[in-house]
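The primary structure of each chain is shown beneath.
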Amino acid sequence: MGILLSAMVGLVSAAVALGVAQLVAVLTGPTSAPVNAVGQGVIRLTPESVKEFAIRAFGENDKLVLLLSTYALVAVFAAIVGFVAAVNRRLGVVGIAVFGAIGIVATQTSPDASPLAAAPSIVGTVAGIAALMLFTRHIHRRPTSPSDPDDDTSEGTADRAGSTRDRKRLAVNRRGLLTTGGAAAAVALLGGGAGTYLLGKRFDVTAARRRIVLPKPSSQAPPLPASVDLKVPELTSFTTPNSTFYRVDTALVLPQINPDQWLLRIHGMVDREITLGYADLLRRRLIERDITFTCVSNEIGGQLAGHARWLGVPLIDILREAGPHPDADQIFTTSQDGWTCGTPTDAAMRVPNAMLAIGMNGEPLPLAHGFPVRMIVPGLYGYVSGTKWITDLELTTFAAGPKPYWVRRHWAATAPIKTMSRIDTPRALSELSRGKTVKVAGMAWAQNRGVSKVEVRVGDGDWRPARMAAAANTQTWRQWVWDWTPASTGLQSLSVRATDGTGAIQTNQRADPFPNGSSGWHTVSFNVS
């Protein structure tokens, strides 16, 4: 059998397995589909250096790249199975079984695994083996006679004079193979398509989100100052639209949580255990606040920061009601997808505007940002404060309690956001003209401390103060702008630094994001002609 034909047999058999598994996943949930489960397992097992590289290289497309890479690996593995099956049918069956076993293991090692989650992989494996058996039946069938119209060989009539052993090895029932291939492709396409459609219909909560009418807050956010946005071309807007707000998390498939079924359990080292539903939060005191959020993976000059107007229940209200024990210094929160986070209890109770957020920029939380409820503690990087899709809140201790997801991977247990600034415009390596004034502009932030000053310098020259946009509050970023007229030609660089509200100047000590956030001055170069 030819190489291409062998590969196609393996690929179509694997496609049948995946298509049937996708259809069965309608009964068990989208995370139980084999590719999703394996991809999520890869996320859990990938070394931190590789994850950081993926975020740097692909940004918010890292999950798409992971999915495409997973499909590519499946395709290569399936092609190899096809080659093996052409020589030995039993070994080909073993290959499909291994393929299914990986999916089963991936579903059962998930933090929220249930025995039923393995069903798609099991049923899909059986379907894939059946398809492979049908294919190889037609491939290995011995011709009954040289004139049999249903039998042919891939080598032409010259091979008919060969030995019986050769004829048996090369014989292909092309009509049967085409019929089986067509039926298998139909099963794969219909199963995968119907499964994907029905998964969306059954588990998608977009319609439920649209029906939500958010109550008016008891405490509204003050109006933003008119000059909070400098309106400089190519400068990041003060408020980030929900559609472009950065997203960094470990969820390969967005959790779909019906707000009517959402529950949050508050327990652990508390005087009173509390369980809250979504309707309970809507009836509570709500606050609306402008807060800038930053990811610990944000590199110097990076874009993993954004600002929104958030609506939520003050976290301190719920904690006081539960009554944390004096030595409970960690709030250990868990997401619907099993991700965990550890937040200092003191920060959650002391920092103004820490909340369980239900709204973002005037609408219910988007699915990608934690719908129906997420936690926000201003001034802390998201991995120690921003649990999306939150379902469990346990008061415990850093010393004796469970270790959160990223802390187990050696990131810092506590991580205040560092003072940072960046240049948005002109872009690096832009072509500028000598003697022509350009507006150098960017963003600066130091949440909970505020930004009091931003300075820019050319090369190693003196620092020059930039003009600052109005400050909304100390928990938001600020825009800045500086007019520069290049006086000479050639390659030139600009650097920026910020001073926070306490008078501390942004450090020039460069550090990578791991283990507690990047630091250093953002420097960009231009060609002046």
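Residues numbered from 1 in each chain as written. Predicted model: local features only at pLDDT ≥ 70, side-chain atom pairs only at ≥ 80, totals over all residues. Heavy atoms only, no water.

## Digging into the overall build of the protein
Assigned secondary structure in the protein consists of 12 helices and 21 strands. Counting the 529 residues in the protein, one finds 53% classified as buried. Contacts in the protein between residues far apart in sequence, at least 24 positions, make up 76% of those at least 6 positions apart. Within the structure as shown, the protein displays about 23,800 Å² of accessible surface, and the carbon and sulfur contribution to it stands at 59%. (Helix = DSSP H or I, 4+ residues; strand = E, 2+ residues; numbered from the N terminus. Buried < 20%, exposed > 50% of the residue type's maximum accessible area, 1.4 Å probe, protein only. Contact = heavy atoms within 4.5 Å. Areas by Shrake-Rupley, 256 points an atom, 1.4 Å probe, with all protein chains shown as cover.)

## Details of the packing of aromatic side chains
On inspection of all chains with the given rule, the structure shows 11 aromatic pairs. With a centroid separation of 6.3 Å and 20° between ring planes, the pair formed by F77 and F99 is classed as stacked. One end of the pair, F77, is in helix α4 (residues 62-87); the other, F99, is in helix α5 (residues 89-108), and 22 residues separate them in sequence. We classify F77 as partly exposed; its relative accessible area is 29%. (Phe/Tyr/Trp six-rings, centres within 6.5 Å; stacked < 30°, edge-to-face > 60°.)

## Focus: the side chain of T107
Locating T107 in the fold gives a position in helix α5. Of the residues examined, T107 reaches a relative accessible area of 3% and is grouped as buried. There is a polar contact of 2.7 Å between the side chain of T107 and the backbone oxygen of I104. Polar contacts involving the side chain of T107 include one to the side chain of Q108, which spans 3.5 Å. (Polar contact = N/O pair within 3.5 Å; in protein donor to acceptor, adjacent residues only side chain to side chain.)

## Digging into the packing of helix α1 (residues 3-28) against α4
Close contact between α1 and α4 brings their axes to 7 Å; oriented N to C, the two are set at 125°. The angle between the axes of α1 and α4 places the two elements in the oblique class. For α1 against α4, the interelement crossing comes out right-handed. Across from I3, S6, A7, G10, L11, A14 and L18 in α1, the residues of α4 making contact are Y71, V74, A75, A78, A79, G82, F83 and A86. Looking at the contact of α1 with α4 residue by residue, the class counts come to 12 nonpolar, three polar and no charged. (Axes fitted to C-alpha atoms, helices over the stretch in contact; angles between N-to-C directions. Parallel < 35°, antiparallel > 145°, perpendicular 65-115°, else oblique. Left-handed = near helix turned anticlockwise from the far one by under 90°. Nonpolar A, V, L, I, M, F, W, Y, C, P; charged D, E, K, R; others polar.)

## Some words on a nonpolar patch on the surface
Taken together, the side chains of I3, V76, I80 and F83 make up a nonpolar region of the molecular surface, amounting to roughly 390 Å² of accessible area. The element best represented in the nonpolar patch is α4, accounting for three residues. Counting through the fold element by element, I3 comes out in helix α1. For I3, a relative accessible area of 66% gives the class exposed. (Patch = residues over 30% accessible without salt bridge, like charges linked within 9 Å, V, L, I, M, F, W, Y side chains within 5 Å. Salt bridge = Lys/Arg side-chain N within 4 Å of Asp/Glu carboxyl O.)

## Quick notes on the packing of α4 against α5
At a closest axis distance of 6 Å, the pairing of α4 and α5 adopts a crossing angle of 160°. Put simply, α4 runs roughly antiparallel to α5. Residues V74, F77, V81, V84, A85 and V87 of α4 form the contact with α5, whose own contacting residues are R89, L91, G92, G95, I96, V98 and F99. Of the residues belonging to the contact of α4 with α5, the class tally is 10 nonpolar, two polar and one charged.

## A word on α5
Along its 20 residues, α5 runs 29 Å from first to last C-alpha, staying within 8% of the 28 Å computed at 1.5 Å per residue. If you check which residues of α5 are buried, you get G92, G95, I96, F99, G100, G103, A106 and T107. Taken end-on, α5 shows its buried residues confined to a sector of 125°, consistent with a single buried face. For α5, the exposed residues set more than 90 degrees away from the buried face come down to R90, L91 and V105. For α5, the N-terminal capping position is held by N88, with its side-chain oxygen 3.0 Å away from the main-chain nitrogen of R90. (Expected span 1.5 Å × (residues − 1). Arc of directions from axis to C-beta.)

## A word on α4
Compared with an ideal rise of 1.5 Å per residue, which puts 26 residues at 38 Å, α4 spans 38 Å between its outermost C-alpha atoms and is within 8% of the ideal. Inspection of α4 places D62, K63, L66, T70, V74, A78, A79, V81, G82 and A85 among the buried residues, and these make up the whole buried set.

## Quick look at the pattern of salt bridges
According to the stated counting rule, one finds 14 salt bridges in the structure shown. A salt bridge links K388 to D249; the shortest N-O distance between them is 2.9 Å. One end of the pair, K388, is in the loop between β11 (374-376) and β12 (390-396); the other, D249, is in the loop between α9 (206-210) and β3 (263-268), and 139 residues separate them in sequence. Judged on exposure class, the residue K388 and its partner D249 are both buried. A salt bridge links R350 to D346, with the nearest nitrogen and oxygen atoms 2.9 Å apart. Here R350 and its partner D346 are both found in helix α12 (residues 345-350), four residues apart, which amounts to about one turn of the helix. Overall, R350 belongs to the exposed group, its relative accessible area being 54%. Among the ionic contacts, a cluster of salt bridges with common partners joins R247, D249 and K388.

## Describing the sheet that holds strand β18 (residues 467-468)
Reading across from one edge, β13-β15-β19-β18 is the order of the four strands in this open sheet, with antiparallel pairing throughout. Lying at the two open borders of the sheet, with one neighbouring strand each, are β13 (420-425) and β18. Pairing geometry for β18 and strand β19 (residues 478-484), over two bridges, is antiparallel. Bridge pairing in β19 places R467 opposite V481. (Pairing = 2+ DSSP bridges.)

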